[in-house]
Amino acid sequence: MLDAAIYDMLSRLQIAQGHKSSLNMSGNRKSVQKGVSAEFSDFREYMPGDDLRRIDWNVYARLDKLYIREYMEEKESVISVLIDTSASMDYGESGKAELARDLASIVGWLALNNMDRLILYDMKHMGRGLSVSGGKKGFYKVRRWLDSLEFSGEVDMLAAARQMQVRGPGVTVLISDFLHEELLGESESYEKLIRYLDYCRQRAVVLQTLASEEIKVTLSGAYNFIDSERESRLRLTVDAKAVASYERQLAALTRRLKKGCRAYVCCDAGKDRRQLVLDDLRVIYDI
């Protein structure tokens with residue numbers, strides 16, 4: 001659970017964009033459009049109809065030509081958050097579902113505090129997303145929407161991403177444990193997902209949510225493992241060989257998730273949230 005002190009820390013940060021906004025709503029991001037903000041962008045030669053107040057008379061005195069000063073117009077950017085609400089996320093002593101809500105809250109606060117547009121998606125119900133803009137006064141809607149999420153069943157991440165409302169360049173944050181059978185096998189579904197986001201000019205940020213016991217296995221002995229999404233069962237003896245095999249596959253999945261995305265963070269559900277914000281998530285901030 002996030003406290004007021006964490007939100008205060010987040011108020012001094014913003015999500016790294018890597019590109020300029022192309023939207024028409026005013027905000028805090030640098031736009032590809034030229035405007036009349038306080039930040040100088042460039043000179044260009046005067047054209048009939050230009051505002052005479054923007055003529056730089058010092059340049060005219062030197063070059064005997066009329067030039068106007070252009071300024072960078074500030075626009076809002078779009079931060080999209082896709083949350084995996086499959087049954088596997090409702091697992092762990094500390095709870096991956098609660099971690100997913102906290103991560104979405106962190107991203108949501110960063111977006112709204114910097115006057116960006118925030119769009120939240122439940123991957124199982126992409127048509128029931130929440131779009132919020134206008135600053136942090138709308139953050140209460142974010143928390144209410146996140147609290148209403150239910151974690152059950154399965155999700156198709158690629159199909160979900162294809163239903164996003166994409167309006168120009170932006171940042172798309174994927175929050176999931178990524179413990180899906182197609183990701184652990186030979187399928188290229190994850191690579192297709194990243195390529196699709198890149199095609200849509202989205203800066204993909206991958207936040208992998210894992211329970212502490214999934215990161216470091218301490219089990220020993222014979223267990224019946226139940227797939228929470230498909231309810232299949234597997235009898236397995238957890239010994240040193242089995243743990244080593246699991247760790248190799250998890251490491252391979254991590255390497256796979258890092259490829260193609262702009263930022264990757266493995267988030268431990270059992271970790272103190274302050275440490276998570278200050279240390280682990282630093283790669284997603286403009287500092």
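The model shown is predicted, which means the values in this text are computed figures rather than measured ones.

Draft legend 1. View of a nonpolar patch on the surface. A surface patch of nonpolar side chains, amounting to about 410 Å² of accessible area, comprises Leu 219, Tyr 223, Phe 225, Leu 234 and Leu 236. For the nonpolar patch, the elements supplying multiple residues, two or more each, are strand E9 (221-226) and strand E10 (233-238). Relative to the helices and strands, Phe 225 resides in strand E9.

Draft legend 2. Seen up close, the nonpolar core. With 46 residues, the main nonpolar core has Leu 10, Val 81, Ile 83, Ile 175, Leu 207, Leu 281 and Tyr 285 as its most contacted residues. Broken down by element, this core gets its largest block of residues, 11 residues, from helix H3 (residues 96-113). Not counting residues up to four positions away in its chain, the partners in contact with Leu 207 are Leu 103, Val 107, Val 173, Leu 174, Ile 175, Ser 176, Phe 178, Val 265, Cys 267 and Leu 281. Leu 82, Ile 119, Met 157 and Leu 253 belong to the second largest nonpolar core, which has 25 residues in total.

Draft legend 3. Spotlight on the environment of Arg 117. Its location among the elements puts Arg 117 in strand E5 (residues 117-122). Judged by relative accessible area, which is 15%, Arg 117 ranks as buried. It is 6.0 Å that separates the C-alpha atoms of Arg 117 and Ser 77, two residues lying 40 residues apart in sequence. Within the structure, Arg 117 has its side chain in polar contact with the side chain of Ser 131 (distance 3.0 Å).

Draft legend 4. Spatial organisation of the pattern of salt bridges. The tally for this structure, following the rule as stated, stands at 9 salt bridges. Residues Arg 101 and Glu 98 are paired through a salt bridge, measuring 3.7 Å at the closest nitrogen-oxygen approach. Of this pair, Arg 101 and Glu 98 both sit in helix H3, 3 residues apart, which is roughly one turn of the helix.

Draft legend 5. Representation of the packing of aromatic side chains. The final tally for this structure, using the stated rule, is 5 aromatic pairs. Ring geometry for Tyr 7 against Phe 139: centres 5.3 Å apart, planes inclined by 70 degrees, an arrangement best described as edge-to-face. With Tyr 7 in helix H1 (residues 4-10) and Phe 139 in helix H4 (residues 139-147), this pair connects stretches of sequence that are 132 residues apart. On the basis of relative accessibility, which here comes to 14%, the residue Tyr 7 falls in the buried class. Measuring from centroid to centroid gives 5.8 Å for Trp 57 and Tyr 60, while their planes differ by 85 degrees, and the two rings are edge-to-face. Linking Trp 57 with Tyr 60, this pair stays in helix H2 (residues 57-63), spanning 3 residues, or about one helical turn. Here the aromatic residues Tyr 7, Trp 109 and Phe 139 are joined through ring pairs into a cluster of three or more.

Definitions and limits used
Residues numbered from 1 in each chain as written. Predicted model: local features only at pLDDT ≥ 70, side-chain atom pairs only at ≥ 80, totals over all residues. Heavy atoms only, no water. Patch = residues over 30% accessible without salt bridge, like charges linked within 9 Å, V, L, I, M, F, W, Y side chains within 5 Å. Areas by Shrake-Rupley, 256 points an atom, 1.4 Å probe, with all protein chains shown as cover. Salt bridge = Lys/Arg side-chain N within 4 Å of Asp/Glu carboxyl O. Helix = DSSP H or I, 4+ residues; strand = E, 2+ residues; numbered from the N terminus. Core = buried A, V, L, I, M, F, W, Y, C linked by side-chain atoms within 4.5 Å. Buried < 20%, exposed > 50% of the residue type's maximum accessible area, 1.4 Å probe, protein only. Contact = heavy atoms within 4.5 Å. Polar contact = N/O pair within 3.5 Å; in protein donor to acceptor, adjacent residues only side chain to side chain. Phe/Tyr/Trp six-rings, centres within 6.5 Å; stacked < 30°, edge-to-face > 60°.

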